[in-house]
Amino acid sequence: FGGHLSALGKRLWPMLLLIFLVTGLGRRWLGMSGGSWVGHALGGALLVYALSGLFLPTFKVKPETERWLGPVCGVITGIITSATGVFVIPSVPYLQALGLNRDQLVQALGLSFTVSTLALAAGLVWRGELGGGEVNASLLALVPALLGMWLGQALRQRISAVLFKRVFFVGMALLGAHLLISG
């Protein structure tokens with residue numbers, strides 16, 4: 001939802017394509033799977049990212065830089081997703097640096113997360129690591145995820161962009177701290 005799908009697709013397709021390919025191929029051919037250190041490292045990265053978003057000025061990506069940085073971001077996000085199953089770094093900071101408005105950003109994040117999820121699922125199926133039990137649990141988990149998405153849309157329309165950004169980064173910091181501590 002958001003009304004920006006076509007424009008965002010045209011702008012982000014190189015990054016999204018590379019996220020999909022690298023994630024799927026990373027799971028299939030490289031056999032990437034992270035050890036316990038990966039969760040801690042990812043948690044640290046998320047925490048640093050969140051703190052920088054809360055306390056440092058916003059970074060901006062220039063249009064001429066976007067042409068090459070988007071694909072690089074897609075490759076790195078695909079590698080990290082292959083290794084950890086988490087698809088936040090560096091795609092989320094990159095998308096935020098594009099200067100999208102709140103609705104565009106949320107829709108761009110949704111596109112990135114959807115592509116990453118589908119690529120990860122395809123890689124898991126290809127390796128034979130995704131069976132009926134996992135599929136059923138994932139389908140069941142869609143219920144609270146869709147409810148959260150619906151509540152998030154309603155909330156996003158009612159709060160200021162500054163508060164939305166602050167809540168987003170606090171959530172990232174909490175997730176990062178949890179991963180850093182528990183792996």
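Note that the structure is predicted; figures quoted are calculated from it, not measured.

**Concerning helix H5 (residues 102–126)**
And then number 1: For H5, which comprises 25 residues, the first-to-last C-alpha distance of 36 Å matches the rise-based estimate of 36 Å (1.5 Å per residue) to within 8%.
And then number 2: The opening residue of H5 is Asn 101, an N-cap whose side-chain oxygen sits 3.0 Å from the backbone nitrogen of Asp 103.
And then number 3: Phi turns positive, to about 75°, at Gly 128, one or two residues after H5.

**Re the side chain of Glu 66**
And then number 1: Summarising the element assignment, Glu 66 is placed in helix H3 (residues 63–84).
And then number 2: Judged by its relative accessible area of 13%, Glu 66 falls in the buried class.
And then number 3: Beyond its immediate chain neighbours, meaning those up to four positions away, Glu 66 contacts Arg 11, Val 61, Pro 71, Tyr 94 and Leu 98.

**Looking at the pattern of salt bridges**
And then number 1: Overall, the coordinates contain 1 salt bridge when judged by the stated rule.
And then number 2: Close ionic contact of Glu 66 with Arg 11 constitutes a salt bridge, the shortest N to O distance being 2.7 Å. With a gap of 55 residues between them, Glu 66 in helix H3 and Arg 11 in helix H1 (residues 5–30) connect regions that are remote in the sequence.
And then number 3: Owing to a relative accessible area of 34%, Arg 11 belongs among the partly exposed residues under this scheme.

Rules and cut-offs
- Residues numbered from 1 in each chain as written.
- Predicted model: local features only at pLDDT ≥ 70, side-chain atom pairs only at ≥ 80, totals over all residues.
- Heavy atoms only, no water.
- Helix = DSSP H or I, 4+ residues; strand = E, 2+ residues; numbered from the N terminus.
- Expected span 1.5 Å × (residues − 1).
- Polar contact = N/O pair within 3.5 Å; in protein donor to acceptor, adjacent residues only side chain to side chain.
- Buried < 20%, exposed > 50% of the residue type's maximum accessible area, 1.4 Å probe, protein only.
- Contact = heavy atoms within 4.5 Å.
- Salt bridge = Lys/Arg side-chain N within 4 Å of Asp/Glu carboxyl O.

Purely spatial values, then, with no claim about function.
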